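# Per-entry structural report
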Amino acid sequence: MSERVVADSTCLIALERIGQMEIMPALFEPVLIPPAVAQEFGISLPWLKVEGLSDQALVVTLKMMIDDGEAEAIALAQAQKCRIILDDRQARRVGQDMGLRVIGTVGILILAKQRGILSTVKPVLQNLDDTGFYISAALKAEALRLVEE
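Please read these numbers as outputs of a predicted model, since none were measured by experiment. (Residues numbered from 1 in each chain as written. Predicted model: local features only at pLDDT ≥ 70, side-chain atom pairs only at ≥ 80, totals over all residues. Heavy atoms only, no water.)

### Some remarks on the overall build of the chain
The helix and strand tally for the chain stands at nine helices and five strands. In sequence order, the secondary structure elements of the chain are arranged as β-α-α-β-α-β-α-α-β-α-β-α-α-α. The globule rule puts the C-alpha radius of gyration for 149 residues at 15 Å, and the 15 Å found for the chain is close to it. Taking all 149 residues of the chain together, the buried fraction comes to 46%. Within the chain, residue pairs in contact and separated by at least 24 positions form 58% of the contacts whose partners lie at least 6 positions apart. Computed over 15 positive and 20 negative side-chain charges, the inter-centroid distance for the chain is 5 Å. (Helix = DSSP H or I, 4+ residues; strand = E, 2+ residues; numbered from the N terminus. Rg over C-alpha atoms; globule rule 2.2 N^0.38 Å. Buried < 20%, exposed > 50% of the residue type's maximum accessible area, 1.4 Å probe, protein only. Contact = heavy atoms within 4.5 Å. Lys, Arg positive; Asp, Glu negative; His and termini not counted. Charge placed at Lys NZ, Arg CZ, Asp CG, Glu CD.)

Here it is in structure tokens:
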């Protein structure tokens, strides 16, 4: 059973760089993105759905705290009442403060392993690290502990 999710561009860009985009549609359906994220990501995929925003006042307010893509993604997730994929610490805090269920790229990798989509997480984390995607040592260790690697 797939879950509806809103994605920010960071996760999409990171997974695209390491050739792991297939994880997203395997875990989530649909994957919704707001217009700013579509522009930041710049790649159109059949399973990626661009959704407009109805609460522009919320977006304007959020943009005072976080970047455009994150602000639109949070507003969209709130409107759609679904989980959101965010990696930026400040954006995660804002989303959680608004009552959203937040997951990050590393959480998606853990979920993919738990559901049998990935056989191992450690090399994927290393690939992300090699492309400049920052993952703290503590987060990496916790992720590997959770997947028993």
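### Examining the nonpolar core
Leu-12, Met-24, Phe-28, Ile-84, Ile-85, Ile-108 and Leu-109 are the most contacted members of the largest nonpolar core, which has 56 residues in total. In this view, Ile-84 contacts Val-5, Val-6, Ala-73, Ile-74, Ala-77, Leu-100, Arg-101, Val-102 and Ile-103; residues no more than four positions away in its chain are not counted. (Core = buried A, V, L, I, M, F, W, Y, C linked by side-chain atoms within 4.5 Å.)

### Brief notes about the sheet that holds strand β2 (residues 28–33)
An order of β3-β2-β1-β4-β5 is seen for the five strands of this open sheet, with the pairing classed as parallel. Because the sheet does not close on itself, it has two edges, and the strands there are β3 (48–50) and β5 (102–103). Lying over the sheet, helix α5 (residues 68–80) contacts β1 (3–7), β2 and β4 (83–85), oriented at roughly 155 degrees with respect to β1. (Pairing = 2+ DSSP bridges. Axes fitted to C-alpha atoms, helices over the stretch in contact; angles between N-to-C directions.)

### Brief notes about the pairing of β2
As judged from the three bridges shared by β1 and β2, these two strands associate in the parallel manner. Looking across to β2, one finds that Glu-3 is bridged to Phe-28. The pairing of β2 with β3 spans three bridges and is parallel. Paired with Val-31 across the bridge in β3 is Leu-48.

### Regarding the environment of Ile-110
Relative to the helices and strands, Ile-110 resides in helix α7 (residues 105–114). Residues Ile-110 and Thr-120 lie 10 residues apart in sequence; the distance between their C-alpha atoms is 9.2 Å. If we skip the residues at most four places from it in the chain, Ile-110 touches Ala-143, Leu-146 and Val-147.

### Focus on a negative patch on the surface
Where like charges cluster on the molecular surface, the negative patch consists of Glu-40, Asp-67, Asp-68 and Asp-88. Among the structural elements, Glu-40 can be located in helix α3 (residues 35–41). Residue Glu-40 is classed as partly exposed on the basis of its relative accessible area of 35%. (Patch = residues over 30% accessible without salt bridge, like charges linked within 9 Å, V, L, I, M, F, W, Y side chains within 5 Å. Areas by Shrake-Rupley, 256 points an atom, 1.4 Å probe, with all protein chains shown as cover. Salt bridge = Lys/Arg side-chain N within 4 Å of Asp/Glu carboxyl O.)

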